[in-house]
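# Coordinate inspection notes
Residues per chain are reported as follows:
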Amino acid sequence: MSKITSLSKRRGFIFPSSEIYGGLESSYDFGPLGVEMKNNIKLAWWDEMSKNHQNIVGLDAAILMKPEVWQASGHLTAGFADELVECKSCHKRFKSDEIKQKLCPECGGKLTESRKFNLMMRTFVGPIENENSTTYLRAETCQGIYVNFENILNSMRLKIPFGVAQIGKSFRNEITPGNFIYRTREFEQMELQWFCHPKTAKKYFDYWKKERVKWYLNLGIKKENLRIREVPAGERAHYAKQQIDIEYKFPFGWKEIEGVHNRGDFDLSNHSKYSGEDLRYYDEETKEKYFPHIIETSGGVDRSFLTFLSNAYQEIRGGRTKTTKATKEMEILLKLDKRIAPIKVAVLPLVRNRPELVKKAKEVFKLLKPNFVCQYDELGSIGRRYRRQDEIGTYLCLTVDFESLKQDDLTIRHRDTMAQKRVKIKDLVKVLKEKLEI
Ligand code: ATP
């Protein structure tokens, strides 16, 4: 993981938060390339839900909600708590299910009995800090969807089955954050809530499980590094009747990146009970009134980010180009899917001490900028610049050379094959759109 962490910082993907003050544990900022890549992941998910599936609408709910929501959802009670033990000597805390030994793994001190630790982050609304002004930063985005169930149903005139998709921040006071951005206290989720008739819940659970695995594979995640784990009854989230975890094989082991849950009628029936609003659905054709069951797909933007980075990262000892003497160098290649890659195109003059080449390359850059996320780079040898672009996953490099001045064309170099092809500048935007499938 340290190689990915260092590449992330060096090349502007991810920085430690508040670094000049020593950093805040488990908090990260997404840099210029990180924000492009994160947006690409979110867009790929949003397109998948809103374009590739039927009957799915969106929502962007507030992070702050009435505390009653969290009473009804079970998050303020034991349901949303981790068991933890504390070392009596160094006072470090550990999750009970992650610690096998009886003594502290850090200092060998004695451990306390395990006890529950609630993960909700508390805050106050308004100037007075007391019980009445207490509220929470949401721990999952989906509650905003459940409490808007009727608003969405009525305003959009939907019929069951239908889905509501949402992307947004969630917060959990994790006891053991770590592994870079894998587990943080502030993170982003991409969640779909699929409302269906109880009799169809099992069918849709199986359907969404397959669809979500397909999404990762389609974006280039290697099949051998992806698996599904059926979560047994004792280990499931407090709301789940049935649960699978989609896991990825990270350098630190197989870990969950997304969960698919059959939440039954847990949420709508509890919100009905606590709010006094009848959230049952009335089927006009069958005259049946019932609580729809919910199938949820819940993935993390940050964990997907780490999955795509880990999956794409390659080191090539001696470099890929056999024609140069890079034999001692370690070349890094970030083989990201073109939809996920932060920079799509780089424009490079062959050399920078020839004003006519620089002028033409800058004209090409200006032509492309409104159409593609692109970079202009003239510093260093052309080979070094190709390697710099490969390291951040830039899909195509365009080189303006002496031939370009005569032919009004340039070369397009493909990141993965390094194959180069000449293209006329007048055809460039069209050709790039085809190559990038935009
Ligand atoms: P874990 O067992 O790893 O704590 P979880 O089962 O509690 O995860 P869910 O409540 O199912 O997670 O949340 C759905 C998704 O949200 C997870 O699969 C993950 O991608 C993301 N997620 C949850 N907690 C965190 C976190 N602390 N940091 C980053 N992403 C998270």
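Above this text you will find the structure in question.
Okay, so let's go over this structure. (Residues numbered from 1 in each chain as written. Predicted model: local features only at pLDDT ≥ 70, side-chain atom pairs only at ≥ 80, totals over all residues. Heavy atoms only, no water.)

It is worth spelling out the side chain of R138 at this point. Tracing the backbone through its elements, the reader meets R138 in the loop between β8 (134-137) and α4 (142-147). The buried charged residue R138 lacks any salt bridge partner; its closest oppositely charged side chain belongs to D60, at an N-O distance of 5.3 Å. Reaching out from R138, the side chain makes a polar contact with the backbone oxygen of A62 at a distance of 3.4 Å. Once you skip the residues sitting within four places of it in the chain, R138 turns out to touch A61, A62, I63, W70, Q166, G168, K169, S170 and F171. (Helix = DSSP H or I, 4+ residues; strand = E, 2+ residues; numbered from the N terminus. Buried < 20%, exposed > 50% of the residue type's maximum accessible area, 1.4 Å probe, protein only. Lys, Arg positive; Asp, Glu negative; His and termini not counted. Salt bridge = Lys/Arg side-chain N within 4 Å of Asp/Glu carboxyl O. Polar contact = N/O pair within 3.5 Å; in protein donor to acceptor, adjacent residues only side chain to side chain. Contact = heavy atoms within 4.5 Å.)

All chains considered together, the criterion is met by 38 salt bridges. Measuring nitrogen to oxygen at the nearest pair gives 3.1 Å for the salt bridge that ties R185 to E25. You can see R185 sitting in the loop between β9 (162-171) and β10 (186-196) and its partner E25 sitting in the loop between β1 (14-16) and β2 (28-30), a full 160 residues away along the chain. Taking relative accessible area as the criterion, E25 reaches 54% and is therefore assigned exposed. Measuring nitrogen to oxygen at the nearest pair gives 2.8 Å for the salt bridge that ties D267 to R263. In this pair, the class of D267 matches that of R263, namely buried. What emerges from the salt-bridge pattern is a single network uniting R227, R229, E235, D245 and E247.

Bringing the site of the ligand into the picture now. Near the ligand lie 16 residues; those nearest to it are E174, R183, T184, E256 and I257. Here an oxygen atom of the ligand and a side-chain polar atom of R183 are 2.7 Å apart. Expressed as a share of its isolated accessible area of 590 Å², the protein-covered part of the ligand is 86%. In terms of residue count, strand β13 (residues 253-264) provides more of the shell around the ligand than any other element does, five residues in total. Its residues assigned to classes, the shell around the ligand shows three nonpolar, seven polar and six charged. (Near = heavy atom within 4 Å. Areas by Shrake-Rupley, 256 points an atom, 1.4 Å probe, with all protein chains shown as cover. Nonpolar A, V, L, I, M, F, W, Y, C, P; charged D, E, K, R; others polar.)

All right, on to the packing of helix α2 (residues 32-50) against helix α6 (residues 201-218) then. It is at 12 Å that the axes of α2 and α6 come closest, and there the two elements cross at 140 degrees. Judged on the interaxial angle alone, α6 and α2 are oblique. Along this stretch, α2 crosses α6, giving a crossing that reads as right-handed. Along the contact surface, α2 presents I41, A44, W45, E48 and M49, while α6 presents W208, E211, R212 and W215. Across the contact of α2 with α6, the residue classes tally to six nonpolar, no polar and three charged. (Axes fitted to C-alpha atoms, helices over the stretch in contact; angles between N-to-C directions. Parallel < 35°, antiparallel > 145°, perpendicular 65-115°, else oblique. Left-handed = near helix turned anticlockwise from the far one by under 90°.)

Taken as a whole and judged by the stated rule, the model has 17 aromatic pairs. For the pair Y281 and Y290, a centre-to-centre distance of 5.7 Å together with 65 degrees between the ring planes defines the contact as edge-to-face. Residue class for Y281 comes out buried when judged on its relative accessible area of 6%. Three or more aromatic residues link up through ring pairs in this structure, and these residues are Y182, Y248, F250 and F252. Just above the ring of F30 sits the side chain of K38; from NZ or CZ to the centre is 4.1 Å. When the ring centre of Y239 is taken as reference, the NZ or CZ atom of R263 above it lies at 3.6 Å. (Phe/Tyr/Trp six-rings, centres within 6.5 Å; stacked < 30°, edge-to-face > 60°. Lys NZ or Arg CZ within 6 Å of the ring centre and 35° of its normal.)

Here the focus is the sheet that holds strand β5 (residues 93-95). Strands pair in a sheet through their backbones, by hydrogen bonds, and they do so in one of two ways: parallel or antiparallel. Reading across the sheet, the three strands line up as β5-β4-β6 and stay open at both edges, with antiparallel pairing between neighbours. Each having just a single partner strand, β5 and β6 (115-118) make up the two edges of the open sheet. Along the sheet, successive strands turn relative to each other by an average axial angle of 50 degrees, direction set aside. Taken together, the four bridges between strand β4 (residues 81-86) and β6 define a ladder with antiparallel strand orientation. (Pairing = 2+ DSSP bridges.)

Taken as a whole, helix α12 (residues 428-436) has its buried residues at L428, V431, L432 and L436. Summarising the axial view, the buried residues of α12 lie within an arc of 120 degrees, below the 170-degree limit, and thus occupy one face. Among the exposed residues of α12, those pointing more than 90 degrees away from its buried face are K430 and E434. Its buried side turned inward, α12 meets β19 (345-349), α9 (355-368), β21 (396-400), β22 (409-414) and β23 (420-424). The positive-phi residue at the C-terminal boundary of α12 is E437, with phi of around 50 degrees. (Arc of directions from axis to C-beta.)

Attention now goes to the nonpolar core. Formed by 51 residues in total, the largest nonpolar core has its most connected members in M37, W215, I295 and F308. In terms of residue count, α6 provides more of this core than any other element does, seven residues in total. The residues touching F308, leaving out its near neighbours within four places in the chain, are M37, I41, W215, L219, I221, L336 and I340. Listed in part, the 21 residues of the second largest apolar core include V347, L396, L410 and L436. (Core = buried A, V, L, I, M, F, W, Y, C linked by side-chain atoms within 4.5 Å.)

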